[in-house]
Amino acid sequence: MKTYLKNGAVPGEPVKKDENSRRGNWGNQIEFVLTSVGYAVGLGNVWRFPYLCYRNGGGAFMLPYFIMLVFCGIPLFFLELSFGQFASLGCLGVWKISPMFKGVGYGMMVVSTYIGIYYNVVICIAFYYFFLSMTNLLPWTYCNNPWNTPDCSGVVSSYQLNASLANATSSLVAGVSEVVNRTKRTSPSEEYWKHYVLNISDDIGNFGEVRLPILGCLAVSWTVVFLCLIRGVKSSGKVVYFTATFPYVVLTILFIRGITLDGAINGIKYYLTPQWQKVLDAKVWGDAASQIFYSLGCAWGGLITMASYNKFHNNCFRDSIIISITNCATSVYAGFVIFSILGFMAHHLNVPVSEVADHGPGLAFVAYPEALTLLPISPLWSLLFFFMLILLGLGTQFCLLETLVTAIVDEIGTDWIIKNKTVVTLSVAIAGFLLGVPLTTQAGIYWLLLMDNYAASFSLVIISCIMCICIMYIYGHRNYFKDVEMMLGFPPPLFFKVCWRFISPVIISFILIFTVIQYKPITYNDYVYPGWSLAIGFAMALSSVVCIPIYALYKISKSPGATFRERLKAACRAHPKWGPALQEHRTGRYAPMASEDTVEARPLKEKDELKEEQKEKEKEKEEGKEKERKDEISLTIQGSNGSTNTHNNPNPSA
């Protein structure tokens, strides 16, 4: 226990010196937990989970959701945290565990690159809406703007129209008129989104012009991300005290405001009312498993990277449970915030909640902003909502960028690149900005949704499955369990051993099969994507997966051995440098394998080590003196015996 206290395993304990001075560590464990919470809790918790929940049986969806959390989410989260923490390396370096599978690390980098490009575009649009909310009247409130069409109908005018129809005609005619009006209605927020913010083109191939306001906000977004990561985890670890906690303050404010509105209870009932018959539907279980898998950020490489900056004996088992449960609880809580406001809007329009419910960008930039226009002091609520979206997005974006930077720095590993890590961070940020420019054009929303649907879909599932197989069956589950025990001081609980070896891989395979069976070509509202764009989408998805076999073949060809089987074995065998990064932690079966290359270069040895060496040297001197003394005594005895013989017999030859 003393060792763990010394190494900063207690949350909030101030740390004076990094354990790994060459690579750096978190200032304390609170920083790691908050960063991981910020990474896992993202935009999907707000704009995807509530929609999935009401679509898949409301409260009944919670049952498969939490079952998947227990049997798949938390075990995979713990596996990735322990993997990165044990080796103190990023998503590329950790594959010293079995060098042939290093392609999995490259696949993670490719996925993080894709997500990082389009994720920051979503953040920049949130920045844009945030700046536009700094006004007395939200610009998407009414239909009297140059970008509006004759079909536009604001929520206030629509409500008054329905009331006048009800007074002027019979209830039957009013009902029919309401349906007609409802089908024709285009909200001012939707027209503002399409015709002003995006100025959307008619086809994915028609890029049109770059939307300069969005491009400017993209530059702001990347600048903020770079400045927060300018000193790596040392700077981002301080920023997350705000970015990871303030969204909960905003959620609470919006929740309190939402439940006090008329119709809010109807929205929450729509969100939570269980439809138990849907529990028997395989699609519900597939959606639950997919949401758990994607929302926790498994197989992106971010969890491995963040954990690699932990101290060696940190209790990552505890952290994995705290972070996973916090992530899922946030999703459920966000549902109350979203559906209380949507229930109020449905009540105001006299329509079912299902007609105003949406997900993805449609919820964040159309449905919810429109609902906010109905509230008093609507710009204030809009500012809070978009500020929350910005913070949720930044928490994930920090880890995506750090994943790429850490992988590059660990792979090159020279003193220069470690000292100049800021240059690498700046280079990656500039590259990300330039690659995001096409997404700020008039066709940008089509490409953004294409990347969102294909770049990080089934490829993540394949990567995660191969990672489980490699660690549990190639490296060996017994070896890994011993590694975890050496690191934490106790072996993984039996439940996690069973999940890692059997249950989680089966669930991951189920997610993959479900994804393939449920596949439908992507659409955006009424727009159907052309075949060539879908081919690009599949190419993006395969580009991360194809890294695995390509690198495996390369590694086998370079491995020693006369036959293919010998080379295969050599390529799968753990690298001699695999194990704890610091010499002081390389005990047991790792001690004989220790070499100077695997140990942190230190200019001065620690006092305890010096004392030990001095003791050993003094012991060797004492043993040397004792040996010399014994030799002198034996020579003296031999000399005295010789002189006696000479005295008794003066002629030795006689």
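Per an unreviewed UniProt entry, the protein goes by the name Transporter and belongs to Haplochromis burtoni. Under Subcellular location (unreviewed entry), UniProt gives the following word-for-word description of the protein: "Cell membrane". Quoted verbatim from the Catalytic activity (unreviewed entry) field of UniProt, the annotation for the protein is "glycine(out) + chloride(out) + 2 Na(+)(out) = glycine(in) + chloride(in) + 2 Na(+)(in)".

Draft legend 1. Highlighting helix α11 (residues 233-243). Those residues of α11 that fall on the buried side of the exposure criterion are V233, S235, S236, G237, V240 and T243. The inward-facing, buried residues of α11 abut α2 (29-40), α10 (212-228), α12 (246-259) and α18 (378-412).

Draft legend 2. Summary view of the confidence of the model for the protein. Chain-level statistics for the protein give a pLDDT mean of 87 and a share of 83% at 70 or above. Across the protein, the secondary-structure element scoring lowest on mean pLDDT is helix α8 (residues 171-184), at 38, and the one scoring highest is α10, at 98. A low-confidence stretch, residues 1-11 (pLDDT under 50), is modelled with 22 contacts involving residues beyond four sequence positions or located in other chains. Below pLDDT 50 for its whole length, residues 158-183 participates in 20 contacts with residues either more than four positions away or in separate chains.

Draft legend 3. Seen up close, the packing of α10 against α18. Relative orientation of the contacting elements α10 and α18 amounts to 65 degrees, with a least axis distance of 10 Å. Our pair here, α10 against α18, has a crossing hand that is right-handed. In this structure, α10 uses W222, V224, V225 and C228 to contact α18, whose residues at the interface are L394, Q397, F398 and L401. Across the contact of α10 with α18, the residue classes break down as seven nonpolar, one polar and no charged.

Draft legend 4. Seen up close, the pattern of salt bridges. Applying the stated criterion across every chain, the model contains 11 salt bridges. As a salt-bridge pair, K234 and D18 come within 2.8 Å of each other at their nearest N and O atoms. Separated by 216 residues along the polypeptide, K234 in helix α11 and D18 in the loop between α1 (2-6) and α2 bring together distant segments of the chain. For K234, a relative accessible area of 22% gives the class partly exposed. Here E411 makes a salt bridge to K102, at a shortest N to O gap of 2.6 Å. With E411 in helix α18 and K102 in helix α6 (residues 102-132), the pair connects residues that are 309 residues apart, well separated along the chain.

Draft legend 5. The packing of helix α22 (residues 458-488) against helix α23 (residues 494-517), seen in detail. Taken N-terminus to C-terminus, the directions of α22 and α23 make an angle of 165 degrees; their axes are 9 Å apart at the nearest point. As the angle between them shows, α22 and α23 are arranged roughly antiparallel. Helix-helix and strand crossings are classified by hand; for α22 and α23 the assignment is left-handed. Every residue of α23 that contacts α22 at F458, V461, I462, S464, C465, C468, M472, Y473, H477, Y480 and F481 is listed here: K497, W500, R501, F502, P505, I508, S509, I511, L512 and T515. For the contact of α22 with α23, the class distribution of residues is 15 nonpolar, four polar and two charged.

Draft legend 6. A look at the packing of aromatic side chains. A complete count under the given rule lists 63 aromatic pairs for this structure. Ring geometry for Y271 against F336: centres 5.6 Å apart, planes inclined by 85 degrees, an arrangement best described as edge-to-face. Residue Y271 is found in helix α13 (residues 264-272), and its partner F336 is found in helix α16 (residues 316-349); the two are separated by 65 residues along the sequence. Judged by relative accessible area, F336 falls into the partly exposed class, the value being 22%.

Draft legend 7. The arrangement of unusual backbone geometry in detail. Of note, the phi angle at N199 is positive, near 45 degrees, even though the residue is not glycine. Among the secondary structure elements, N199 is positioned in the loop between α9 (188-198) and α10. In this model, N525 sits at a positive phi of 55 degrees, which is unusual for a non-glycine residue.

Draft legend 8. Up close: the state of the cysteines. Applying the stated criterion to the full structure yields one disulfide. Across the disulfide, C143 is cross-linked to C152 (sulfur-sulfur distance 2.0 Å). The S-S bond linking C143 to C152 shows a torsion near -65 degrees; that makes this disulfide left-handed. Assessed through its relative accessible area of 13%, C152 is described here as buried. C298 forms no disulfide, and the closest cysteine sulfur to it belongs to C72, at a distance of 6.9 Å.

Draft legend 9. Structural view of the UniProt feature "binding site: Na(+)" (unreviewed entry) in the protein. Feature annotation in UniProt places "binding site: Na(+)" (unreviewed entry) on G38, A40, V41, N45, S295, N327 and L392, given in this structure's numbering. These annotated residues cover 355 residues of sequence, and their C-alpha atoms all fall within 12.4 Å of one another, placing them together at a single site. Assignment of secondary structure puts N327 in helix α16. By relative accessible area, which is 0% here, N327 ends up buried. Not counting the four nearest positions on each side in its chain, N327 is found in contact with A40, V41, N45, S295 and L296. With respect to the helices, strands and loops of the structure, L392 is situated in helix α18. Note on L392: relative accessible area 6%, which makes it buried. With residues near it in sequence (within four places) discarded, L392 still touches G38, V41, G42, L43, V46 and P247.

Draft legend 10. Representation of a nonpolar patch on the surface. Taken together, the side chains of I469, Y473, I474, L494, V498 and F502 present a nonpolar region at the surface, about 550 Å² in accessible area. At the level of secondary structure, the elements contributing two or more residues to the nonpolar patch comprise α22 and α23. Here I469 shows up in helix α22. Assessed through its relative accessible area of 39%, I469 is described here as partly exposed.

What counts and how
Residues numbered from 1 in each chain as written. Predicted model: local features only at pLDDT ≥ 70, side-chain atom pairs only at ≥ 80, totals over all residues. Heavy atoms only, no water. UniProt positions renumbered as here; feature names shortened; annotations may be inferred. Buried < 20%, exposed > 50% of the residue type's maximum accessible area, 1.4 Å probe, protein only. Helix = DSSP H or I, 4+ residues; strand = E, 2+ residues; numbered from the N terminus. Contact = heavy atoms within 4.5 Å. pLDDT = per-residue confidence, 0-100. Axes fitted to C-alpha atoms, helices over the stretch in contact; angles between N-to-C directions. Left-handed = near helix turned anticlockwise from the far one by under 90°. Nonpolar A, V, L, I, M, F, W, Y, C, P; charged D, E, K, R; others polar. Salt bridge = Lys/Arg side-chain N within 4 Å of Asp/Glu carboxyl O. Parallel < 35°, antiparallel > 145°, perpendicular 65-115°, else oblique. Phe/Tyr/Trp six-rings, centres within 6.5 Å; stacked < 30°, edge-to-face > 60°. Disulfide = S-S within 2.5 Å. Patch = residues over 30% accessible without salt bridge, like charges linked within 9 Å, V, L, I, M, F, W, Y side chains within 5 Å. Areas by Shrake-Rupley, 256 points an atom, 1.4 Å probe, with all protein chains shown as cover.

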